[in-house]
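Structural characterization, general
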Amino acid sequence: MQHCSADRDFSAYNAAQRARPVRPLARRAAELAAECSRTDGPGTAVELGCGIGVEAHFLAENGFTVHTVDGDASVEPAMAALSAERPIHHRTADLAQLRELPPADLLLSCATLPFVPRPAFDALWSTIREALRPCGILAVDLFGDHDDWADTDGTYLSRDDVEGLLDGLEILELTEEERDGRSFSGPKHWHTFQLIARRH
């Protein structure tokens, strides 16, 4: 049965994230962004699909001003609490409708972009690329076309598709993986791409 990405309820998933560690993708991206840091103050990070703010908190602690976007309204209280303590600015919005983002030294999206419906993905990707400042780091998870969820209403890409998305960027890391494992909802075959790229 096909499920629309817009109809997925991520509130239980997001609530379960409180105890987990910061994702390695965020740590690595922050390290790379620091290597090309701006001289006029802390860098700006944008996170799409922030959940309850585990990575946003980490980035803020490491000197970034963080702008977060998530479509799940249930994370608003957690993000409001973080925003009161750290330079974090949150808004609730449907990623598929985003057409403008703050200029970013780091743009992070962990396991979120695949849930954007395919007809809306290309426009969002253009918005993401346009937001990157020179030397800006792009760090995202994407799902491949062999993934168990590839028949649902999201964005599932071939290797050629992914490489095409990165045309004109400096690819720093691109890891493709297929494995059997578990998702929040049960057993699953995963086909993922984890990528880090830099705008020249």
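Residues numbered from 1 in each chain as written. Predicted model: local features only at pLDDT ≥ 70, side-chain atom pairs only at ≥ 80, totals over all residues. Heavy atoms only, no water.

Examined against the element boundaries, Ile 52 turns out to sit in the loop between strand 1 (44-48) and helix 3 (54-61). Considered as a pair, Ile 52 and Met 79 are 27 residues apart in the sequence and their alpha carbons are 6.2 Å apart. (Helix = DSSP H or I, 4+ residues; strand = E, 2+ residues; numbered from the N terminus.)

So, on to the pairing of strand 3 (residues 88-92). Where strand 2 (residues 65-70) meets strand 3, five bridges bridge the pair, whose relative direction is parallel. Each residue of the ladder has a partner; that of Thr 68, found in strand 3, is His 90. For the crossover that starts at strand 2, traverses helix 4 (residues 76-85) and ends in the parallel strand 3, the hand is right-handed. (Pairing = 2+ DSSP bridges. Right-handed = clockwise from strand over helix to strand, strands pointing away.)

Look at Ala 111: it is not a glycine, yet its phi comes out positive at around 55 degrees. Here Ala 111 is to be found in the loop between strand 4 (104-109) and helix 5 (118-131). Its relative accessible area of 28% is what places Ala 111 among the partly exposed residues. Of note, the phi angle at Cys 135 is positive, near 75 degrees, even though the residue is not glycine. (Buried < 20%, exposed > 50% of the residue type's maximum accessible area, 1.4 Å probe, protein only.)

Here strand 4 lies mainly inside the structure; six of its six residues are buried. As paired strands, strand 1 and strand 4 are joined by three bridges and run parallel to one another. Opposite Val 46, over in strand 4, you have Leu 107 as the bridge partner. When strand 4 meets strand 5 (residues 132-144), the two strands line up parallel, connected through five bridges. Within the sheet, the bridge partner assigned to Leu 107 lies in strand 5 and is Leu 138. Running through helix 5, the crossover from strand 4 to the neighbouring parallel element strand 5 is right-handed.

Here the focus is the nonpolar core. Taken as a class, soluble globular proteins show a tendency for nonpolar side chains to be buried jointly. Membership of the largest hydrophobic core comes to 31 residues, with the highest contact counts inside it found for Leu 48, Leu 107 and Leu 142. Counting only elements with at least two residues in this core, the list comes to strand 1, strand 4, helix 5, strand 5, helix 6 (159-165) and strand 8 (186-198). At six residues, the largest contribution of residues to this core is made by helix 5. Residues contacting Leu 107, with those up to four places away along its chain left out, are Val 46, Leu 48, Leu 101, Ile 128, Ala 131, Leu 132, Ile 137, Leu 138 and Ala 139. Listed in part, the 28 residues of the second largest apolar core include Leu 25, Leu 32, Leu 106 and Ile 137. (Core = buried A, V, L, I, M, F, W, Y, C linked by side-chain atoms within 4.5 Å. Contact = heavy atoms within 4.5 Å.)

In contact at an axis separation of 10 Å, helix 2 (residues 24-35) and helix 3 are set at 25 degrees when each is read in the N-to-C sense. As summarised for this structure, helix 2 and helix 3 are arranged roughly parallel, according to the angle between their axes. Taken as a pair, helix 2 and helix 3 cross one another with a handedness that is right-handed. Of the residues in helix 3, those in contact with Ala 26, Arg 27 and Ala 30 of helix 2 are Glu 55, Phe 58 and Leu 59. Residues of the contact of helix 2 with helix 3, tallied by class, amount to four nonpolar, no polar and two charged. (Axes fitted to C-alpha atoms, helices over the stretch in contact; angles between N-to-C directions. Parallel < 35°, antiparallel > 145°, perpendicular 65-115°, else oblique. Left-handed = near helix turned anticlockwise from the far one by under 90°. Nonpolar A, V, L, I, M, F, W, Y, C, P; charged D, E, K, R; others polar.)

What follows deals with a negative patch on the surface. A contiguous patch of negative charge, built from Asp 145, Asp 160, Asp 161 and Glu 178, is present on the exposed surface. By the secondary structure assignment, Asp 160 is in helix 6. Take Asp 160: its relative accessible area is 61%, and that puts it in the exposed class. (Patch = residues over 30% accessible without salt bridge, like charges linked within 9 Å, V, L, I, M, F, W, Y side chains within 5 Å. Areas by Shrake-Rupley, 256 points an atom, 1.4 Å probe, with all protein chains shown as cover. Salt bridge = Lys/Arg side-chain N within 4 Å of Asp/Glu carboxyl O. Lys, Arg positive; Asp, Glu negative; His and termini not counted. Charge placed at Lys NZ, Arg CZ, Asp CG, Glu CD.)

Summed over all chains, the structure comprises seven aromatic pairs. On the numbers, 6.0 Å between centres and 50 degrees between planes, the contact of Phe 115 with Trp 149 is tilted. Linking Phe 115 in the loop between strand 4 and helix 5 with Trp 149 in the loop between strand 5 and strand 6 (156-157), this pair joins segments that are 34 residues apart in sequence. The class of Phe 115 is buried, set by a relative accessible area of 15%. In textbook terms, an aromatic cluster arises when at least three aromatic residues are bridged by ring pairs, as seen for Phe 115, Phe 143, Trp 149, Tyr 156 and Trp 190. Over the aromatic face of Phe 143 sits the side chain of Lys 188, whose NZ or CZ is 5.1 Å from the ring centroid. (Phe/Tyr/Trp six-rings, centres within 6.5 Å; stacked < 30°, edge-to-face > 60°. Lys NZ or Arg CZ within 6 Å of the ring centre and 35° of its normal.)

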